[in-house]
Amino acid sequence: MINSIYVSVFERPLIGRCWSPPRYGTLKMNVDAAFKGLNEASIGAIFRDGNGVFTEGFS
């Protein structure tokens, strides 16, 4: 069974999205951004290791 959730004004289903760890010895960066009109935006990211441990982040 596939679970769907709806987000944003676009109402796009996010199907089967979940975090998976990177290979041993590497980091994985997850990024998200938001926009408000044409003149405002923000971005943030986090880095996690192969054990899912947070190592760095920024916004």
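Quick notes on the rules
Residues numbered from 1 in each chain as written. Predicted model: local features only at pLDDT ≥ 70, side-chain atom pairs only at ≥ 80, totals over all residues. Heavy atoms only, no water. Helix = DSSP H or I, 4+ residues; strand = E, 2+ residues; numbered from the N terminus. Buried < 20%, exposed > 50% of the residue type's maximum accessible area, 1.4 Å probe, protein only. Contact = heavy atoms within 4.5 Å. Areas by Shrake-Rupley, 256 points an atom, 1.4 Å probe, with all protein chains shown as cover. Patch = residues over 30% accessible without salt bridge, like charges linked within 9 Å, V, L, I, M, F, W, Y side chains within 5 Å. Salt bridge = Lys/Arg side-chain N within 4 Å of Asp/Glu carboxyl O. Pairing = 2+ DSSP bridges. Axes fitted to C-alpha atoms, helices over the stretch in contact; angles between N-to-C directions. pLDDT = per-residue confidence, 0-100.

**Remarks on the overall build of the protein**
The secondary structure content of the protein amounts to 0 helices and 5 strands. Per-residue burial over the protein gives 7% buried out of 59 residues. Here the contacts in the protein between residues at least 6 apart in sequence split such that 13% fall between residues at least 24 apart. Carbon and sulfur atoms form 57% of the exposed surface of the protein, whose accessible area is close to 5500 Å².

**Details of a nonpolar patch on the surface**
On the surface, a nonpolar cluster with roughly 380 Å² of combined accessible area is contributed by Met 29, Val 31, Ile 43 and Phe 58. By the element assignment, Met 29 lies in strand β3 (residues 28–36).

**Some details on the sheet that holds β3**
Taken together, 3 strands build an open sheet; the order of strands is β3-β4-β5 and the sheet is antiparallel. In this open sheet, the two edge strands, each paired with only one partner strand, are β3 and β5 (54–58). Going from strand to strand, the sheet's axes swing by 15 degrees on average, the running direction of each strand aside. Sheet topology places β3 next to strand β4 (residues 40–48); 9 bridges connect them, and they run antiparallel.

**Notes on the environment of Ala 45**
As for its placement among the helices and strands, Ala 45 is situated in strand β4. Residue Ala 45 is classed as buried on the basis of its relative accessible area, which comes to 4%. Spatially, the C-alpha atoms of Ala 45 and Val 31 are 4.3 Å apart, while their sequence positions differ by 14 residues. Filtering out sequence-adjacent residues up to four positions away, Ala 45 remains in contact with Met 29, Asn 30, Val 31, Glu 56, Gly 57 and Phe 58.

**Quick notes on the confidence of the model for the protein**
For the protein, per-residue confidence averages 81 on the pLDDT scale, and 71% of positions sit at 70 or higher. Taken together, the stretch residues 1–7 has pLDDT below 50 and engages in 16 contacts with residues farther than four places along the chain or on a different chain.

**Digging into the pairing of β5**
Strand direction decides the pairing type here: β4 and β5, joined by 4 bridges, are antiparallel. Each residue of the ladder has a partner; that of Ile 46, found in β5, is Gly 57. Two successive antiparallel strands, β4 and β5, enclose a turn made up of 5 residues, where Gly 52 displays a positive phi of approximately 85 degrees.

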